[in-house]
Amino acid sequence: MGDDRPDKPAPSIGFWRQAWRRFRRRRLSMLATYFIVFLSLVAIFSPMIAGTKPIVCKYKGSLYFPCMGYFNRSWENPIFQKDRFRRIYPRNLKKKDPDSWAIWPLVYQDPYRPVRDNEWEGGKGNPYGAEGGPSRQNLFGTFKTGFDIFASMIHGTRIALLVGFVSTGIAGLIGITVGAIAGYMGGKTDIVLSRIIEVVMCIPSLVLILALLAVIERPSIWHMMAVLGLTGWTGIARLTRGEFLRLRESEFVAAARSLGAGRARIIFRHILPNALAPVMVPIAFGIAAAILIEAGLSLLGFGAPPPNPSWGTVLNSGKETLQSGYWWQLVFPGIAIFLTVLAYNLIGEGIQEATDPRLADPGH
Amino acid sequence: MLPYLIRRLLIGLLTLILITFVIYALIRHMPGSPLDADPAMMDPSKMPSKADVDRMSAVYGLDKPWHEAYYHWLKNTVALDFGNSFSQKKPVSELIAQRIGPTLKLSLTSLLLTYLLAIPLGLVSTVRSGKADERVMSFFLYMLYSFPSFVAALFLQLLFAVKFSGTWLELPLLGDRSSNFDDMGSLEQVWDQMRHMILPVTCFTYGSLAYYCRFVRANMEEVIRQDYIRTARAKGLGPARILIHHAFRNTLIPFVTLMGLTLPGLLSGAIILEQIFNWPGMGQLFFFSIVSRDYPTIMALTLMFSILTLLGQLFADIMYAFVDPRIKFS
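**Q** I'm lost on the overall build of chain B in this one. Help?
**A** A count of helices and strands for chain B gives 15 helices and zero strands. Relative to its 330 residues, chain B shows a buried fraction of 30%. Long-range contacts, defined as pairs at least 24 residues apart, comprise 72% of the intrachain contacts of chain B with a sequence gap of at least 6.

**Q** Just to check I follow, could you spell out the overall build of chain A for this structure?
**A** Assigned secondary structure in chain A consists of 14 helices and three strands. Its C-alpha atoms give chain A principal-axis dimensions of about 80 × 55 × 40 Å. Burial status across chain A gives 42% buried among its 364 residues. Taking the intrachain contacts of chain A between residues at least 6 apart in sequence as the baseline, contacts between residues at least 24 apart amount to 65%.

**Q** Which parts of the structure should I look at to understand helix 13 (residues 311–320) of chain A?
**A** The periodicity of an α-helix, 3.6 residues per turn, causes residues three or four positions apart to be oriented the same way. Most of helix 13 of chain A is tucked away: eight of the 10 residues are buried. Those residues of helix 13 of chain A that sit buried are A:W311, A:G312, A:T313, A:V314, A:L315, A:N316, A:S317 and A:G318. For helix 13 of chain A, the secondary structure elements touched by its buried residues are helix 6 (149–185), helix 12 (263–299) and helix 14 (328–355) of chain A together with helix 8 (149–163) of chain B.

**Q** How should I be thinking about the interface of chain A and chain B in this particular structure?
**A** Note on interface size: it is often stated as the accessible area lost on association of the parts. Across the boundary between the two partners, chain A contributes 32 residues, which contact 35 residues of chain B. At the level of elements, helix 7 (187–202), helix 8 (205–215), helix 12, helix 13 and helix 14 of chain A are the ones that each hand at least two residues to the side of chain A that touches chain B.

**Q** Honestly, the packing of helix 7 (residues 132–146) of chain B against helix 9 (residues 186–223) of chain B in this entry has me stumped. Any pointers?
**A** When two helices pack together, their arrangement is given by the angle between the helix axes and the distance between those axes. Residues and elements named next belong to chain B. Interaxial distance between helix 7 and helix 9 falls to 8 Å at its minimum, and their mutual angle equals 130 degrees. Regarding the angle of helix 7 to helix 9, the classification is oblique. Judged by the twist between their axes, the crossing of helix 7 over helix 9 is left-handed. Together, L141, Y142, L144 and Y145 of helix 7 and Y206, G207, A210, Y211, C213 and R214 of helix 9 make up the contact between the two elements.

**Q** Looking at this model, I keep getting lost on the sheet that holds strand 1 (residues 56–59) of chain A. Mind explaining?
**A** Strand pairing in a sheet takes place through backbone hydrogen bonds and is either antiparallel or parallel in direction. All names here are of chain A. Strands sit in the order 2-1-3 across an open sheet of three strands; the sheet is antiparallel. Unpaired on one side and paired on the other, strand 2 (62–64) and strand 3 (101–103) mark the two borders of the sheet. Pairwise comparison of adjacent strand axes, ignoring direction, gives a mean angle of 20 degrees for this sheet. Pairing between strand 1 and strand 2: three bridges, direction antiparallel. Bridging across to strand 2, K58 finds its partner in L63.

**Q** Quick question: what am I supposed to make of the pairing of strand 1 of chain A here?
**A** Put simply, side chains in a regular strand alternate between the two faces of the sheet. All names here are of chain A. A one-sided burial pattern is seen for strand 1, the buried positions being C57 and Y59 and the unburied ones V56 and K58. One ladder, built from three bridges, connects strand 1 with strand 3; its direction is antiparallel. Counted as the bridge partner of K58 is W101 from strand 3. Connecting strand 1 to the next strand, strand 2, in antiparallel fashion are two residues, including K60 with a positive phi near 50 degrees.

**Q** Even after reading the chapter, I still don't get unusual backbone geometry, so can you show me in this structure?
**A** The general pattern is negative phi for most residues beyond glycine and trans for most peptide bonds. Of note in this structure, B:N278 is not a glycine but carries a positive phi near 50 degrees. Within the fold, B:N278 resides in the loop between helix 13 (271–277) and helix 14 (282–291).

**Q** Got a minute to help me understand the packing of helix 1 (residues 2–28) of chain B against helix 5 (residues 66–78) of chain B in this structure?
**A** All names here are of chain B. At a minimum axis separation of 10 Å, helix 1 and helix 5 run at an interaxial angle of 130 degrees. For the element pair helix 1 / helix 5, the angle class is oblique. By crossing handedness, the relation of helix 1 to helix 5 is classed as right-handed. On the side of helix 1, the interface is formed by F21, Y24, A25 and R28, while helix 5 contributes W66, Y70 and W73.

**Q** For this particular structure, what's the right way to read helix 8 of chain B?
**A** Compared with the 21 Å implied by 1.5 Å per residue over 15 residues, the 20 Å span of helix 8 of chain B between its first and last C-alpha is a close match. Buried residues of helix 8 of chain B: B:S149, B:F150, B:V151, B:A153, B:L154, B:Q157 and B:L158, and no others. Looking at the buried positions of helix 8 of chain B, the neighbouring elements they touch are helix 12, helix 13 and helix 14 of chain A together with helix 9 and helix 13 of chain B.

**Q** Please clarify how the confidence of the model for chain B should be interpreted in this entry.
**A** When pLDDT is low, close inspection of the predicted coordinates is not appropriate. Averaged over every residue, the pLDDT of chain B is 80; residues scoring 70 or more account for 88%. Listed scores for the predicted complex are pTM 0.85 and ipTM 0.82.

**Q** Any chance you could explain the environment of A:P98 here in plain terms?
**A** One can find A:P98 in the loop between helix 5 (89–96) and strand 3. Remark: the alpha-carbon pair of A:P98 and A:A50, spanning 48 residues in sequence, is separated by 25 Å.

**Q** I keep staring at the environment of B:S146 and nothing clicks. Help me out?
**A** Mapped onto the secondary structure, B:S146 falls in helix 7. We classify B:S146 as buried; it has 20 C-beta atoms within 10 Å. As for B:S146 and B:A210, which are separated by 64 residues in sequence, their C-alpha atoms are 9.1 Å apart. Look past the residues within four positions of B:S146 in its chain and what remains in contact with it is A:F338, A:V341, A:L342 and A:N345.

**Q** When you look at the nonpolar core in this model, what are you seeing that I'm missing?
**A** Across soluble globular proteins, nonpolar side chains have a tendency to be buried as a group. A:M153, A:I291 and B:L273 are the most contacted members of the largest nonpolar core, which totals 135 residues. The element best represented in this core is helix 12 of chain A, accounting for 19 residues. Sequence-distant contacts of A:M153, that is, excluding residues within four places in its chain, are made with A:F140, A:W311, A:V314, A:F332, A:P333 and A:A336.

**Q** What exactly am I supposed to notice about the environment of B:L117 here?
**A** Residue and element names in this part refer to chain B. Its location among the elements puts L117 in helix 6 (residues 92–127). Under the C-beta neighbour-count criterion, L117 is labelled partly exposed, with 15 such atoms within 10 Å. When the C-alpha positions of L117 and C213 are compared, they lie 8.4 Å apart, and in sequence the two are 96 residues distant.

Here is what the cut-offs are and how they apply
Residues numbered from 1 in each chain as written. Chains lettered and ligands numbered in written order. Predicted model: local features only at pLDDT ≥ 70, side-chain atom pairs only at ≥ 80, totals over all residues. Helix = DSSP H or I, 4+ residues; strand = E, 2+ residues; numbered from the N terminus. Buried ≥ 20, exposed ≤ 12 C-beta atoms within 10 Å, placed from the backbone. Contact = placed C-beta atoms within 7 Å. Axes fitted to C-alpha atoms, helices over the stretch in contact; angles between N-to-C directions. Parallel < 35°, antiparallel > 145°, perpendicular 65-115°, else oblique. Left-handed = near helix turned anticlockwise from the far one by under 90°. Pairing = 2+ DSSP bridges. Expected span 1.5 Å × (residues − 1). pLDDT = per-residue confidence, 0-100. Core = buried A, V, L, I, M, F, W, Y, C linked by C-beta atoms within 7 Å.

Structure, rendered in structure tokens:
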């Protein structure tokens, strides 16, 4: 960039730089992006925000990170199991090693069990039922079993984001591949692939999802993501196909072909980067849809199996206790789902406007 | 036009066969069969004998491999025989006929409300474009558009059926009629049904209302910049006449195609919403038939929705060319 001489025209800024510049100008879309970044941070640091296992503790002369157990059971140091902590750290740390110290999560609550009396010196157990409204101890209230909702939702952020990313990632991969092949090859391949796209499109998605989930005998959250991905790729495929149909006739493809570039190279190196911008819009909307479907399936009783905290399962428990009027079980997960879906919709719309060539800045 | 239609219909038929084939294969591979998924069968006294199970398997084609059974199903379907429901022991067509009423009651009311509200709102927001009131309204509509309908359903239930219970604002929680419906006078019956409809119709409507408003607005924004609008204004026509007569009429094309695409939604109902409101409609029927492995019902419903989806697309394409003579069939 440094050797701009006056006789040489300034290099035009790239398409993505320009799109990013235009995206940044949309305040709401940027706000939504910050929100998703914030949620990602919450998801990554969830064991440090809400948990009953110390982030770091010094115990019998060594340092441990028991909070990692929230990511994966086996990452919790086995010494605490051997010393019979029974998952109650505060009391046992002091009892078994008076010199121990620990840094605790911001909120001492657990998504997998209710906090009981005297875990701390004189600490009170979680209330339940009608008593379990939001309080200093339980910020978002408790379930009717006494489990803390704030902790469940903080840890549920991981699932909400994962469901969106993984399932849309799978959908994007299938959709872009199928669409690219159909659009680039044309002819009979296109006819066959387009028919397949149409077939999958015509089947009501929830029916297909329920049928696929029923085929798997004990669906886990990963199965659900795979099923959502396998059913959600058609829109992306159609769009990619259209873009490829348009671009394969363009001059730069003809140039690449005459230079002897292979088919795969033309598809992935030359056309795909140019076709990607419009495809990103349904991907952003697809993430919102995946989060919605996960929550909806939870309401139908097909959600993440019980010990897994997810926003959908919190909402579902709220639905079951609706007649008792425990509003906190509905309002907090409902708002969380709404805000996340809204954020992805705003991002999708931002991308749409930022990458629309008709709206490009003149002069570049 | 005619060759185009014939070709589209033939392709559609092929698509239908593919769809039903895929779904049939899927449901036959679900664990459990309708003969053991029925809770009544769990009762030992009602447990069917081995001979009974064999007889029923033969009747329903469960003893054959699934591709043969599919062929069997296809043959019956062409003869318009959809078979009997396993779990309800009634012809599937009768079941569907029972469910279609409640679903249409919701979807038609909601469609009508959407159109009645969305067009004026869309026009108003075009006129007031950029002003403070329009920005507030658009923002609010966008929020509504992103608000998940099942969350709204639960919130409304909590508010009107639980928190307001005992006051005049109380609305029923579930179902399409009260339990003492049969003892009511006819006027009371109408009132009772309407009260049951308020919450579901609200949830069905608000999302599409927001969507349609934005749709009308977006199309109007494009038309309003055209030269003939400037001409009309230069002629000295009033703003209302320009807006409705000259601009809005030209946005009807995309509107018509949108109508075609909403066709299947009218009859399919909504699985999650109907389940939340315990509404005896098609969505609920579909859900129950999947849970109870009721193959004939699942197949009949899939066929119906697929036909409607394909017809809706065809309708949209034809109307598109019909209202815009520049488009040619090819």
